[in-house]
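# A closer look at the structure
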Amino acid sequence: VYRLRCPDCSEIDGLEHRLALWRVSDGALLSLVEGGGHWLAYSPDGAALAVAQVEGVQVLAASDGSIRGMLEGFTAPVAGMALLPDGATLAAVHDTAPYTLRLWDLETGRAARVLTGRDPVSTLTNLAVAAGPDGRYLALYGDVWDLETGGRLEALEAAIVEKSHCASAGVAFSPNGGTLATGCYEGQLDLWSIPEGAFLKHIPGYTGWVIDLAYSPDGERLAAVYGVPDYRVQVYELPAGIPALALTGGRFTRVVYSPDGSQMATVAAAPEHEQYGRPAGVVQLWEAAGGVERLKLDVSDAVSLAFSPDGALLATGSLDGTLRLWEAAGGGLLFEARAHFDTVRQLAFTPDGLRLVLGSQDGTLSLWGLPEPEAAWQTYTSEAFGFTLDYPPGWDVLEVPNATYSTAVPQVWFSAGGWPPPQTGARPDIVLMVLDADPAPDWAPEMFDEYAAETIRLGEREALRVSGVNKESGYPETALIVPFEGRYLLALPAGGSRSPESLAYFDRVLGTLR
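Parameters at a glance
- Residues numbered from 1 in each chain as written.
- Predicted model: local features only at pLDDT ≥ 70, side-chain atom pairs only at ≥ 80, totals over all residues.
- Heavy atoms only, no water.
- Helix = DSSP H or I, 4+ residues; strand = E, 2+ residues; numbered from the N terminus.
- Buried < 20%, exposed > 50% of the residue type's maximum accessible area, 1.4 Å probe, protein only.
- Contact = heavy atoms within 4.5 Å.
- Areas by Shrake-Rupley, 256 points an atom, 1.4 Å probe, with all protein chains shown as cover.
- pLDDT = per-residue confidence, 0-100.
- Pairing = 2+ DSSP bridges.
- Axes fitted to C-alpha atoms, helices over the stretch in contact; angles between N-to-C directions.
- Salt bridge = Lys/Arg side-chain N within 4 Å of Asp/Glu carboxyl O.

Let us now look at the overall build of the chain. A tally of helices and strands in the chain yields four helices and 42 strands. Residues counted as buried form 49% of the 514 residues belonging to the chain. Contacts spanning at least 24 positions in sequence make up 38% of the contacts within the chain whose residues lie at least 6 apart. When the accessible surface of the chain is split by element, carbon and sulfur atoms take 51% of a total near 24,500 Å².

Of all residues in the chain, 86% attain a pLDDT of 70 or more, and the chain-wide mean is 83. By mean pLDDT, helix H4 (residues 500–510) is the weakest element of the chain at 68, and strand E21 (residues 232–237) is the strongest at 97.

With that out of the way, let us pick up the environment of Gly330. As for its position among the elements, Gly330 is in the loop between strand E29 (322–327) and strand E30 (333–338). Residue Gly330 is classed as exposed on the basis of its relative accessible area of 56%. Sequence-wise, Gly330 and Leu295 are 35 residues apart; in three dimensions their C-alpha atoms are separated by 7.9 Å.

Here Ser300 is to be found in the loop between strand E26 (293–296) and strand E27 (302–307). Here the alpha-carbon distance between Ser300 and Glu272, two residues 28 residues apart in the chain, equals 9.6 Å. Setting aside residues no more than four positions away along its own chain, Ser300 makes contact with Ala270, His273, Ala280, Gly281 and Val282.

Here we come to the sheet that holds strand E10 (residues 110–116). Strand order in the open sheet formed by four strands is E7-E8-E9-E10, with antiparallel pairing between adjacent strands. The two strands at the open ends of the sheet, each matched to only one other strand, are strand E7 (78–83) and E10. Across the sheet, the mean angle separating the axes of adjacent strands is 20° when strand polarity is ignored. Here strand E9 (residues 100–105) runs beside E10; their pairing, made up of six bridges, is antiparallel. Each residue of the ladder has a partner; that of Thr100, found in E10, is Thr116.

Glancing now at the pattern of salt bridges. Opposite charge on two side chains lets them pair, provided their charged atoms get close. Summed over the entire model, instances satisfying the criterion amount to 10 salt bridges. Between Arg152 and Glu157 there is a salt bridge; the shortest N-O distance is 2.9 Å. For Arg152, a relative accessible area of 23% translates into the label partly exposed. Accessibility expressed as a relative area gives 1% for Glu157, which makes it buried.

Once that is clear, we can look at the pairing of strand E17 (residues 189–193). For E17, the tally of buried residues reaches five of five residues, placing the bulk of the element in the interior. Residues of E17 alternate between two faces, with Leu189, Leu191 and Ser193 on one and Asp190 and Trp192 on the opposite face, all of them buried. In terms of strand pairing, strand E16 (residues 179–183) meets E17 through five bridges, oriented antiparallel. Note on E17: the bridge partner recorded for Leu180 is Trp192. Where E16 hands over to E17, the hairpin turn is made up of five residues, of which Glu186 adopts a positive phi near 55°. Note that E17 and strand E18 (residues 199–202) share three bridges and pair antiparallel.

Below you can see the structure in the form of structure tokens.
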């Protein structure tokens, strides 16, 4: 219809940080307002415009941009955060100049203390913040805070700057709290004693910017994310600092260890996001011992990630503000929600695993409740046929035939609430039949009037899912055929696809087959 033209505006969008008001009918420029803003919202009657800025919300007259008032508050983006070991206090760094460090009480939602960092600060995007295991010391961007006194360890800070000639981009405390690892430009990776501040070791090897650092839970390894030109996650054996293994194949931005140290999770920037300077991309899970990729999650714009304390869940935060929860073992998506209006930069689980804290580019922190952890699943192993799988707590397992039940082929039954009456044709929640030949070519047409077959993945195996209308009952039916060790498992839920209780666990149980 028309183009918006602003002769006085910079050619580079947003360089001068001004807000432009335009008339919709003809595209005429009505007003330019200094300062700009992160978010905008009109009042219901259209007379006022609210502009979220760093230290509050400015209210303007929508007609000409004149200032009508100011709502005091704090809306600066959350650049980095760390949950203190007590699980009750969150240290959040807000992207101001100089930066602002706020200690939030998670029970009241109020800032218990506000500290101001050093100036200047060059960039705080995805700032690494590390809390010591005793909760006293907090490290970020070349600063080391003593939260007990509210002061900083200035002698240590001076030593870090003298050694590396820049503020630390990556920081991590050892699990025992006695060592601080700092990473900087040109591959500068150093170890320092805490709180004395003595220099312990320089770990050489690369020239890229050290973007992120993570200690293994036992403190025997240190993972370092190197940027351009190295593009790798290098894992070192400690205390010698000898390279142990490297993760390659992506432009990595984040790395975390699972609580038991068996897995590592990484974020690698995707080209479509990296070209705009956004560290968002794919999430991969790796075997920590050998650096072998286990799986890749179905997400392409992840920025942040965190394991739950029991290691069962992996949380990811995305560029568009979406929160996702994944099964760490199999990579299944459990939960998805638009949690914020802008990028979820930071994530942290509370020590009890029942809450999750998010920090966002939109200037807000959010606290999410999680369900009680599910009881550990049980394990069944068939000695006769050589397979193992897991099933829900409280369920029973029965090998058939036995004195009560008689079947033509070997079967294994899993039931959540007792066994069906003998010789009635009723099935328990999950039935496994062990067959020597592939039943699909003959069995599917004989059983179904109309059916569809698709190949799916269950854990590390491929399976054939067959769905259709049962010829005898006239009801929808579903089944899985899983090849293993030269045989075939034919798996059926109770009542075909008419039992939600069975179907809720059907794929999950079969997905553990090994």
